[in-house]
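# Structural overview
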Amino acid sequence: MFVKVCGLATTADIDVAAEAGADAIGLVISGTSVRGLDRDRLPALVARVPDGVVSVLVVNDTPAAEAARLAAGLGFGALQLHGRRYGRAEFEAAAGVFPHLWRATALADGPDTRVGALGEEILLLDSPRAGSGSRWDLSLLESARPEGRWLLAGGLAPGNVAEAIAAARPWGVDVSSGVESAPGVKDHDLVRAFVTAARNAAA
């Protein structure tokens, strides 16, 4: 079970997530998210991510090509284009600069749920209000279940991730607000508990 912990803000957050066994960590730049980081903080945070853990730049309101140049320049492992504003043209523009793209969307937007449909390596299915901590109706997957490398997100937490994995059968999971003590503030004990719960559920 692939585990991504998103919305990290400090080097301590990164250390804890990596030590807990996370496969990927997400750093967000956004004008609308409480987890959005100033760009001048990114170099030190990316440098902290250890080998073997994928560093993911997450954007929802940055032009795709600009985000790709930033991801490439700072040495990120992947770029996550999150939301309906990023269509085929945006993915093609980003791919011309940076090859490792992830696509994040909500089933409510009626997306193509084939992994790789827009050239992405990994597909992430989230709630309609990303980062809100709200769960969504997993029964919708019965008629639109992806195959391959896709991550389940949206309202996951240590106490419900095992149930969600059993219901959705994803390749991996993504968590952000479900391991926080306050919006944008990661609770390190919850991060550890989430990774453990996800691993145990998959086993």
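One can find the structure itself at the top, above this paragraph.
First, a word on what this report is: a plain description of the structure on this page. (Residues numbered from 1 in each chain as written. Predicted model: local features only at pLDDT ≥ 70, side-chain atom pairs only at ≥ 80, totals over all residues. Heavy atoms only, no water.)

With that settled, the discussion passes to the nonpolar core. Within the largest apolar cluster, 53 residues are counted, with the highest numbers of intra-cluster contacts made by Val5, Leu27, Leu57, Leu79 and Val173. If you look at the next biggest cluster of nonpolar residues, it comprises 13 residues, including Val56, Ala104, Ile122 and Leu151. (Core = buried A, V, L, I, M, F, W, Y, C linked by side-chain atoms within 4.5 Å. Buried < 20%, exposed > 50% of the residue type's maximum accessible area, 1.4 Å probe, protein only.)

To continue, consider the side chain of Thr105. When you line up the elements, Thr105 lands in strand β5 (residues 101-106). Setting aside residues up to four positions removed in sequence, Thr105 forms contacts with Pro111, Leu123, Leu124, Leu125 and Asp126. (Helix = DSSP H or I, 4+ residues; strand = E, 2+ residues; numbered from the N terminus. Contact = heavy atoms within 4.5 Å.)

Moving on, we come to helix α3 (residues 64-74). Looking only at α3, the buried set comprises Ala64, Ala67, Ala68, Leu70 and Ala71. Along the long axis of α3, the arc covered by the buried residues comes to 160 degrees, so they all point the same way. Exposed residues pointing more than 90 degrees away from the buried face of α3 are listed as Arg69 and Gly73. The secondary structure elements touched by the buried residues of α3 are β2 (24-29), α2 (42-48), β3 (54-59), β4 (78-82) and α4 (88-95). Note on α3: the residue one or two positions beyond its end, Gly75, has a positive phi of about 80 degrees. (Arc of directions from axis to C-beta.)

Counted residue by residue, strand β1 (residues 2-6) has five buried out of five residues, so it is predominantly covered. Both faces of β1 are covered, namely the face carrying Phe2, Lys4 and Cys6 and the face carrying Val3 and Val5. Inspection of the sheet shows β1 paired to strand β8 (residues 172-175) by four bridges, in the parallel sense. Looking at β8, one finds that Val3 is bridged to Val173. Of the pairings in the sheet, the one linking β1 to β2 comprises three bridges and is parallel in character. By the bridge assignment for β2, Val5 is matched with Ile25. (Pairing = 2+ DSSP bridges.)

Time to look at the packing of aromatic side chains. A full pass over the atoms with the stated rule returns two aromatic pairs. Taking 6.2 Å as the distance between ring centres and 65 degrees as the angle between the ring planes, the aromatic pair formed by Phe2 and Trp102 counts as edge-to-face. Of this pair, Phe2 sits in strand β1 while Trp102 sits in strand β5, placing them 100 residues apart in sequence. Of the two residues, Phe2 and Trp102, both sit in the buried class. Given the relative accessible area of 13%, Phe2 is considered buried. Three or more aromatic residues joined by ring pairs make a cluster, and in this case those are Phe2, Trp102 and Trp171. (Phe/Tyr/Trp six-rings, centres within 6.5 Å; stacked < 30°, edge-to-face > 60°.)

Pairing within the closed barrel is parallel, and its eight strands lie in the order β1-β2-β3-β4-β5-β6-β7-β8. Between one strand and the next, the sheet's axes are offset by a mean angle of 25 degrees, whatever the strand orientation. Packing against the sheet, α4 makes contact with β4 and β5, and its axis sits at approximately 160 degrees to β5. Running over the sheet, helix α6 (residues 188-202) touches β1 and β8 and is turned about 160 degrees from β1. (Axes fitted to C-alpha atoms, helices over the stretch in contact; angles between N-to-C directions.)

At their nearest, the axes of helix α1 (residues 11-20) and α6 sit 9 Å apart, and the two run at 25 degrees to each other. The pairing of α1 with α6 is recorded here as roughly parallel in orientation. Judged by the twist between their axes, the crossing of α1 over α6 is right-handed. Contact with α1, carried on its side by Ala12, Asp13, Val16, Ala17 and Ala20, involves His188, Val191, Arg192 and Val195 of α6 and no other residues of that element. Split into classes, the residues belonging to the contact of α1 with α6 amount to six nonpolar, one polar and two charged. (Parallel < 35°, antiparallel > 145°, perpendicular 65-115°, else oblique. Left-handed = near helix turned anticlockwise from the far one by under 90°. Nonpolar A, V, L, I, M, F, W, Y, C, P; charged D, E, K, R; others polar.)

In this section: the side chain of Asp126. Inspection of the secondary structure assignment puts Asp126 in strand β6 (residues 122-126). A polar contact of 3.3 Å, which involves the side chain of Asp126, links it to the backbone nitrogen of Gly154. (Polar contact = N/O pair within 3.5 Å; in protein donor to acceptor, adjacent residues only side chain to side chain.)

Purely geometric numbers; function is a separate question.
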